[in-house]
Amino acid sequence: LRVAPVSVPEAPPRPAPLVVHVSGAVRTPGVYALPAGARVVKAIHVAGGYRRDARRDALNLAARLEDADQVHVPREGEGAEAVLTAEGDDDPKGG
């Protein structure tokens, strides 16, 4: 009796986690590792959620994050510039 060799498919490689900086009006600002494909809402959640003085309407919570992004939650009365910046984007106005 001969048995044909069985090939076991390799599991696809897992995407590397994203490392993002969450700052501003969140309970625990800091640098967090998130799963690939995470969205802004997840970054705010892992940073402990909004503080009372947060401008909750300033960010697109559905925006996908990329590695090295910074999510800045502005406070009431603070301008909305630079609410989401990418690595190397030092000028929030793009100029």
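So, how was this worked out
- Residues numbered from 1 in each chain as written.
- Predicted model: local features only at pLDDT ≥ 70, side-chain atom pairs only at ≥ 80, totals over all residues.
- Heavy atoms only, no water.
- Helix = DSSP H or I, 4+ residues; strand = E, 2+ residues; numbered from the N terminus.
- Buried < 20%, exposed > 50% of the residue type's maximum accessible area, 1.4 Å probe, protein only.
- Contact = heavy atoms within 4.5 Å.
- Areas by Shrake-Rupley, 256 points an atom, 1.4 Å probe, with all protein chains shown as cover.
- Pairing = 2+ DSSP bridges.
- pLDDT = per-residue confidence, 0-100.
- Polar contact = N/O pair within 3.5 Å; in protein donor to acceptor, adjacent residues only side chain to side chain.
- Salt bridge = Lys/Arg side-chain N within 4 Å of Asp/Glu carboxyl O.

Participant: For this particular structure, what's the right way to read the overall build of the chain?
Facilitator: The secondary structure content of the chain amounts to one helix and four strands. Reading the secondary structure of the chain in the N-to-C direction produces β-β-α-β-β. A burial count over the chain gives 31% of its 95 residues as buried. Residue pairs at least 24 apart in sequence account for 36% of intrachain contacts in the chain once pairs closer than 6 positions are excluded. Summing over all exposed atoms, the chain offers an accessible surface of approximately 6,700 Å²; the carbon and sulfur share of this is 52%.

Participant: Could you clarify how one ought to interpret the pairing of strand β2 (residues 30-34) in this entry?
Facilitator: Taken residue by residue, a regular strand's side chains alternate between the two faces of the sheet. Of the two faces of β2, only one is covered, namely that formed by Gly30, Tyr32 and Leu34; the face formed by Val31 and Ala33 stays uncovered. Hairpin connection between strand β1 (residues 18-24) and β2: a loop of five residues separates the two successive antiparallel strands.

Participant: How should I be thinking about the confidence of the model for the chain in this particular structure?
Facilitator: Any region with low pLDDT has predicted coordinates that should not be read closely. The predicted model of the chain has a mean per-residue pLDDT of 86, with 83% of residues at 70 or higher. Contacts of residues 88-95 to residues separated by more than four positions or lying in other chains number two contacts, the stretch itself having pLDDT below 50.

Participant: Looking at this structure, how should I read the side chain of His72?
Facilitator: Position of His72 among the secondary structure elements: in strand β3 (residues 70-73). The class for His72 is buried, based on a relative accessible area of 16%. A distance of 2.9 Å separates a polar atom in the side chain of His72 from a polar atom in the side chain of Ser23. Side chain to side chain, His72 and Glu78 meet in a polar contact 2.7 Å long.

Participant: What is the right way to read the pattern of salt bridges from this model?
Facilitator: Side chains carrying opposite charge are able to pair once their charged atoms draw close together. Enumeration over the complete set of coordinates arrives at two salt bridges. With a shortest N-O distance of 3.1 Å, Asp53 and Arg51 are connected by a salt bridge. Residue Arg75 pairs with Asp53 through a salt bridge whose shortest N-O separation is 3.4 Å. Residue Arg75 is located in the loop between β3 and β4 (84-85), and its partner Asp53 is located in the loop between α1 (40-46) and β3; the two are separated by 22 residues in the primary sequence. Taking the relative accessible area as the measure of exposure, Arg75 reaches 28% and is therefore partly exposed. Assessed through its relative accessible area of 25%, Asp53 is described here as partly exposed.

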